[in-house]
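Structure at a glance
One-letter residues, chain by chain:
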Amino acid sequence: MKEETSQSSTYRTWYSRKAIDGLQDIAEDKASQERTCSRTVKEDSAGWWKIRFHTGVKVNSFAIYNNRDREGEGCCEGPLQGFKLEAFGKNTKSLYTFQAKGWAHHDYHLVPEKKIKDLVYEVKVTGRKKHSLVLCDLLIRGGEYAVDKRSHANRFLTTDTPCPKGLFGRDCEFPCNCAYGSDCFVHNGACPAGCEPGYTGEDCLKPVVVVVVVVVVVVVVVVVVVVVVVALHLMLC
């Protein structure tokens, strides 16, 4: 997965990349949030965050995790109150827009009422004027999904996950081998936080063959020893 993130401004070390590191904020203290969340400065006229994919991706749902700024809950005055999420296709074609209203939820699970048929090249989140925009985790999911018509399908759902946590693939048949037990992209298994130790590849499914590395090192050592012994023998002769 090749993608790049950016934001309108950066508060201290709350870099844009932290919004897709797979680590969700579960602590109230600012130090913990700073390690896992992105944040713009409060003085922004309307702070924004975006991710741009080098190649289009299939997207069916989004999940945004708010920071916990009042006794572990996303407060009504939280950084996600009144935010807007937009998905764009090639040539900035608008594919989906969600405008949050009212009090901010702890988390948002967004499933478009109409399936996004085109590939998505960019996702942008815009905050309120004169307020910091904080994103502790943004998951962009592919695969099939179920829409509960009895709920506000494009507002707040818990039925948007196409695969159980820790799995990906068309039939959810592959494990997410991501570092720190974080989530992977459902459509290709890529891990924003990197692969779990012992695995490699874009989908983190290829085991790292440590035995081969050890054998190569041993062979190199043996060759060096032989060369040194031969050189000493020639010098003594």
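The coordinates are above.
This write-up is about the structure you can find in this document. In this text, all values refer to a predicted model and were calculated from it rather than measured experimentally. (Residues numbered from 1 in each chain as written. Predicted model: local features only at pLDDT ≥ 70, side-chain atom pairs only at ≥ 80, totals over all residues. Heavy atoms only, no water.)

Focus: the state of the cysteines
In the structure shown here, the tally under the stated rule is three disulfides. In this model, Cys178 is linked to Cys191 through a disulfide, with the two sulfur atoms separated by 2.0 Å. Judged by the sign of its S-S torsion, about -75°, the cystine formed by Cys178 and Cys191 is left-handed. In this pair, Cys178 is assigned in the loop between strand E12 (174-175) and strand E13 (199-200) and Cys191 in the loop between E12 and E13, connecting sequence segments 13 residues apart. Cys191 shares its class with Cys178; the two are buried. Sulfur-sulfur distance for the disulfide between Cys195 and Cys204 comes to 2.0 Å. Given an S-S torsion of about -80°, the disulfide between Cys195 and Cys204 has left-handed geometry. In this structure Cys195 comes out as partly exposed when scored by relative accessible area, which is 26%. (Disulfide = S-S within 2.5 Å. Helix = DSSP H or I, 4+ residues; strand = E, 2+ residues; numbered from the N terminus. Buried < 20%, exposed > 50% of the residue type's maximum accessible area, 1.4 Å probe, protein only.)

A short note on the packing of aromatic side chains
Per the counting criterion, the structure on display carries five aromatic pairs. Each ring, one from Phe62 and one from Tyr96, has its centre 5.6 Å from the other, and the planes form 5°; the classification is stacked. In this pair, Phe62 is assigned in strand E4 (residues 61-65) and Tyr96 in strand E6 (residues 94-99), connecting sequence segments 34 residues apart. Each of the two residues, Phe62 as well as Tyr96, counts as buried. Ring pairing ties together the aromatic residues Phe83, Phe98 and Tyr108, which thus form one cluster. When the ring centre of Tyr11 is taken as origin, the NZ or CZ atom of Arg39, which lies over that ring, is 4.2 Å away. (Phe/Tyr/Trp six-rings, centres within 6.5 Å; stacked < 30°, edge-to-face > 60°. Lys NZ or Arg CZ within 6 Å of the ring centre and 35° of its normal.)

Some points on the sheet that holds strand E1 (residues 3-7)
The strand order across the open sheet formed by five strands is E1-E3-E8-E5-E6, and the pairing between neighbours is antiparallel. Both edges of this open sheet fall to E1 and E6, since each of them pairs with a single strand only. Taking the axes of each pair of neighbouring strands and ignoring which way they run, one obtains an average angle of 10° across the sheet. (Pairing = 2+ DSSP bridges. Axes fitted to C-alpha atoms, helices over the stretch in contact; angles between N-to-C directions.)

So, unusual backbone geometry
In this structure, Arg12 takes a positive phi of about 50° despite not being glycine. Among the structural elements, Arg12 can be located in the loop between E1 and helix H1 (30-36). Accessibility expressed as a relative area gives 56% for Arg12, which makes it exposed. Even without being a glycine, Tyr180 presents a positive backbone phi close to 65°. Summarising the element assignment, Tyr180 is placed in the loop between E12 and E13. The exposed category is assigned to Tyr180, whose relative accessible area is 70%.

Thoughts on the sheet that holds E4
Spatially, three strands are ordered E7-E4-E10 in an open sheet, and the strand pairing comes out antiparallel. Across the chains shown, the open sheet's two edge strands, defined by having one partner strand only, are strand E7 (107-110) and strand E10 (137-141). Within the sheet, the average angular offset between the axes of one strand and its neighbour, ignoring direction, is 5°. Examined bridge by bridge, E4 and E10 share five bridges and lie antiparallel to one another. By the bridge assignment, Tyr65 is partnered in E10 with Asp137.

Points about the pattern of salt bridges
Counting across every chain of the model gives four salt bridges. Here Glu122 and Lys50 are joined by a salt bridge, their closest N and O atoms 3.9 Å apart. Here Glu122, found in strand E8 (residues 120-126), pairs with Lys50, found in strand E3 (residues 48-57); they are 72 residues apart in sequence, far enough to count as distant. Looking at Lys50, the relative accessible area reads 21%, which means it is partly exposed. Ionic pairing is found between Arg52 and Glu122, a salt bridge with its closest N-O pair at 3.9 Å. In this pair, Arg52 is assigned in strand E3 and Glu122 in strand E8, connecting sequence segments 70 residues apart. Connected through shared salt-bridge partners, Lys50, Arg52 and Glu122 make up one network. (Salt bridge = Lys/Arg side-chain N within 4 Å of Asp/Glu carboxyl O.)

Brief notes about the environment of Phe185
Note that Phe185 resides in the loop between E12 and E13. For Phe185, a relative accessible area of 8% puts it in the buried group. In the structure, Phe185 is positioned 19 residues away from Gly166 in sequence and 10.0 Å away in space, judged by C-alpha atoms.

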